[in-house]
Amino acid sequence: MDEPVDPVLTILCNHSFHGRCLAQWEDTSCPVCRYVQTPEVVADNKCFECGSQEDLWICLICGHVGCGRYIGGHANGHYKQTSHCYSLQLGNQRVWDYAGDNYVHRLVQNKTDGKLVQIDEGGNPVEHDEKLDSITLEYTYLLTSQLESQRLYFEEKVNEIEKDAKLQVAKAEERIQVQMDLCLRLEEKLDALSKERHTQDKKCSQLTAKLAKIQSELHEEKEMNMSLRKNQGQWQERLRTFEASMQQQLAEKDERIAELNEQVRDLMFFIEAQRTVSNATDAEREEIQQGTIVVEQAPSGGAEGGHNAAASRGKASRRRKR
């Protein structure tokens, strides 16, 4: 490390310079982009987590600003999360190694002229100009190795994240495809159900119209039935009246027929007796004049039968009287 070398250094803004050229640059910013390599304490500096502006430490790897362990311990927490072991205290520019748990700074920037000087553990400048270049290179190598390791670490993390992202994207695309297929099937099913619903609605309308028609016909039939029942009662009453009238007429007719039958029987008997008398001899006429005629009740055999029976009984009576 004591041999004079002129390496190529890459600073935090990723610009590369020769070590000797960079040492001749009196400013702390980058010669190209003016990026400040060693930030000073300003009013805007505060802890990224709690917002505290006391005892601030900046990570030399990623630039994270956190408070010291006696305030909130967020700088130490950042080391535990990312394994960034070097942190620079804002204000006195001392470097703390969290892995070794001690200060590892050897060079600090002189606030007067901006040059790098070596200090001891108490923070006092050490006047050893002959080893300044070698110490600067050592510090640069140390910082470069840490940056390289962190670069590899983050590249690995980025690759893992990319792989996970690709896997998740593939799964998401597969799920999307499945959902699209399901959506298409559901749309087809919805179309079929819509057509079926339209058909059922049409059938329902037809059935509703038929039901309304049937109900109307049923109402008419009920009214007609009530009217018929009412008329039936009237006609039954008329029928009973007519039957009573017919029975009365039949009784009168039978009585009239019986009376006419008796009259016919009497008339027939009279005619027969008159014919017999007209055909009889004088002796018979004399006998008839002296005889007695007995008229009995006519049997149910009719007028002619009754007349014959009456005639027979008359002859028998006449014979007894002789």
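Our subject is the structure listed above.
For clarity, every value in this text was computed on a predicted model and none was experimentally measured. (Residues numbered from 1 in each chain as written. Predicted model: local features only at pLDDT ≥ 70, side-chain atom pairs only at ≥ 80, totals over all residues. Heavy atoms only, no water.)

Draft legend 1. Inspection of the packing of aromatic side chains at higher detail. Counted according to the given criterion, the structure contains two aromatic pairs. An angle of 15° between the planes, with centres 5.2 Å apart, marks the rings of tyrosine 79 and tyrosine 98 as stacked. One end of the pair, tyrosine 79, is in helix H2 (residues 74-82); the other, tyrosine 98, is in the loop between strand E6 (95-97) and strand E7 (102-103), and 19 residues separate them in sequence. Of the residues examined, tyrosine 98 reaches a relative accessible area of 12% and is grouped as buried. Ring geometry for tyrosine 153 against phenylalanine 154: centres 5.3 Å apart, planes inclined by 75°, an arrangement best described as edge-to-face. Geometry around tryptophan 235 places arginine 238 over its ring, the cationic atom sitting 4.7 Å from the centre. (Phe/Tyr/Trp six-rings, centres within 6.5 Å; stacked < 30°, edge-to-face > 60°. Helix = DSSP H or I, 4+ residues; strand = E, 2+ residues; numbered from the N terminus. Buried < 20%, exposed > 50% of the residue type's maximum accessible area, 1.4 Å probe, protein only. Lys NZ or Arg CZ within 6 Å of the ring centre and 35° of its normal.)

Draft legend 2. Fine view of the pairing of strand E3 (residues 56-59). Alternating positions in E3 separate into two faces, Leu56 and Ile58 on one and Trp57 and Cys59 on the other, with burial throughout. Sheet topology note: the E3/strand E4 (residues 65-67) ladder contains three bridges and is antiparallel. When the bridges of E4 are listed, leucine 56 appears paired with cysteine 67. Where E3 folds back onto E4 in an antiparallel hairpin, the turn is made up of five residues, including glycine 63, whose phi is positive at roughly 85°. Note: E3 against strand E5 (residues 86-89), three bridges, orientation antiparallel. When the bridges of E5 are listed, tryptophan 57 appears paired with glutamine 89. (Pairing = 2+ DSSP bridges.)

Draft legend 3. Spatial organisation of the pattern of salt bridges. Applying the stated rule across the entire model yields seven salt bridges. Glutamate 259 serves as the salt-bridge partner of arginine 256, at 3.8 Å between the closest nitrogen and oxygen. Separated by three residues within a single helix, arginine 256 and glutamate 259 lie in helix H3 (residues 132-279), roughly one turn from each other. On the accessibility criterion, glutamate 259 (36% relative accessible area) is partly exposed. Linking glutamate 272 and arginine 275 is a salt bridge whose minimum nitrogen-to-oxygen distance equals 3.0 Å. (Salt bridge = Lys/Arg side-chain N within 4 Å of Asp/Glu carboxyl O.)

Draft legend 4. Fine view of a negative patch on the surface. A contiguous patch of negative charge, built from Glu217, Glu220, Glu221 and Glu223, is present on the exposed surface. Along the chain, glutamate 223 turns up in helix H3. (Patch = residues over 30% accessible without salt bridge, like charges linked within 9 Å, V, L, I, M, F, W, Y side chains within 5 Å. Areas by Shrake-Rupley, 256 points an atom, 1.4 Å probe, with all protein chains shown as cover. Lys, Arg positive; Asp, Glu negative; His and termini not counted. Charge placed at Lys NZ, Arg CZ, Asp CG, Glu CD.)

Draft legend 5. Inspection of H2 at higher detail. Looking at H2, one finds that the buried residues are Ala75, His78 and Thr82. Down the axis of H2, the buried set is contained in an arc of 55°. They therefore lie on one face. Phi turns positive one or two residues past the end of H2, at serine 83, with a value near 65°. (Arc of directions from axis to C-beta.)

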